[in-house]
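Results of the structural survey
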Amino acid sequence: FPSHDISFPKGIFVCASLVQGLQINDTKISTLDKDTFIGLKNIYLLDVGKNQLNELPHDIFAPLIKLKIISISMNQLKEIPQHLFWNNTQLIELMMGYNKISRLYPNTFANLTLLNKLKINNNQLNSIASDTFAGLEHLTVLNLSHNLFKNILHFDDFKNLPQLTHLYLNNNQIEYTIPTINNLS
C-alpha cells in the first residue's frame with residue numbers, strides 16, 4: 001500500500017470469504033467504513049495496528065464472528081465504542097495498546113468469555129469503570145501498564161477474573177498499596 005492516507009472502497013472484501021488472516025498494519029489508514037470487512041466470513045486474525053485510526057464504527061467487527069485475534073494497537077484511538085466486540089465471542093486475544101484511550105465503558109468486553117489476553121497498555125486510562133471486565137472468566141493476562149492510574153480502588157472488578165495469572169500495572173502513577181489479588185504471579 002502507498003504511504004499516504006487510505007480508506008478502503010466499500011465492498012472491497014465482499015468476495016473474500018476464504019481469507020483467514022488479514023494484516024493491514026502500517027499503511028497509514030485514517031478511516032474505516034462500517035462495511036469495510038463485510039465478506040470476511042472465515043477470518044480469524046485481523047491486524048489494523050500501526051495506522052492513523054482515531055475512531056472505529058461501533059459495528060465494524062460485527063460480521064467477523066470467527067475472529068480469534070485482533071490488533072487495533074498503535075493507532076490514535078481515544079475511545080472504544082461499548083459494543084465494538086459484541087459479536088466477536090470467539091476472541092482469545094485482543095490488543096489495544098499504544099493508543100490514546102482514556103475511558104472504557106462498563107461491559108465493553110462482556111461477550112468475550114473466551115478472551116485469554118487483553119492488552120490495553122500505553123494509553124491514557126486513569127480509572128476503570130465498574131464492570132469493565134465483566135464476563136472475562138478465562139482471562140489470564142491483563143496488561144494495563146503505561147497508563148495514568150494513580151490508584152486502583154475497584155479491586156472488586158478483578159475478583160471476577162478467576163483465571164487471571166498476570167496483571168501488569170507497571171509504569172503508572174499508583175500512589176496506594178495494591179491489595180493482594182489471588183492467582184497472580
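Residues numbered from 1 in each chain as written. Predicted model: local features only at pLDDT ≥ 70, side-chain atom pairs only at ≥ 80, totals over all residues. Heavy atoms only, no water.

1. What to know about the side chain of Glu93
Convention followed: In DSSP terms, a helix is any run of H or I states spanning at least four residues, a strand is any run of E spanning at least two, and both are numbered starting from the N terminus. When checking whether two residues touch, look at their non-hydrogen atoms; a contact exists if any pair is within 4.5 Å.
If you trace the backbone, Glu93 turns up in strand S4 (residues 93–95). The residues touching Glu93, leaving out its near neighbours within four places in the chain, are Lys68, Ile69, Ile70, Leu115, Lys117 and Lys119.

2. A short note on unusual backbone geometry
Note the threshold: Type-normalised accessible area, obtained with a 1.4 Å probe on protein chains alone, sets the label of each residue: buried when under 20%, exposed when over 50%, and partly exposed for intermediate values.
For Asp26, which is not a glycine, the phi torsion comes out positive at approximately 60 degrees. As for its position among the elements, Asp26 is in the loop between strand S1 (21–23) and strand S2 (45–47). You can call Asp26 partly exposed: its relative accessible area is 45%. If you check the backbone angles, Lys28 has positive phi at about 65 degrees while not being a glycine. Here Lys28 is to be found in the loop between S1 and S2. Under the relative-accessibility criterion, Lys28 is labelled partly exposed at 34%.

3. Some points on the nonpolar core
The condition is simple: Put simply, a nonpolar core is a bunch of buried Ala, Val, Leu, Ile, Met, Phe, Trp, Tyr and Cys residues held in one set by side-chain atoms that sit within 4.5 Å of each other.
Judged by nonpolar contacts, the single largest core of 48 residues is most densely connected at Phe37, Phe61, Phe85, Phe109, Phe133 and Leu144. Beyond its immediate stretch of four places on either side in the chain, Leu144 contacts Ile120, Asn121, Leu125, Ile128, Phe133, Phe149, Phe158, Leu167, Tyr168, Leu169 and Asn172.

4. Some details on the sheet that holds strand S7 (residues 166–168)
To keep it simple, the criterion reads: Pairing between strands is defined by DSSP: at least two bridges between the two strands are required. Axis definition: a line fitted to C-alpha atoms, limited for helices to the stretch in contact. Angles are taken between N-to-C directions and run from 0 to 180 degrees.
Spatially, the seven strands line up as an open sheet ordered S1-S2-S3-S4-S5-S6-S7, and their pairing is parallel. At either margin of the open sheet sits one strand with a lone partner, and together these are S1 and S7. Strand-to-strand, the axes of this sheet are offset by a mean angle of 5 degrees, without reference to chain direction.

5. With respect to the environment of Gln52
Positionally, Gln52 belongs in the loop between S2 and strand S3 (69–71). When its relative accessible area of 36% is taken as the criterion, Gln52 is described as partly exposed. Separated by 24 residues in the primary sequence, Gln52 and Lys28 have C-alpha atoms spaced 5.2 Å apart. With near-sequence residues (within four places) excluded, Gln52 lies in contact with Lys28, Ile29, Ser30, Asn75 and Gln76.

Nothing here speaks to function; it is geometry throughout.
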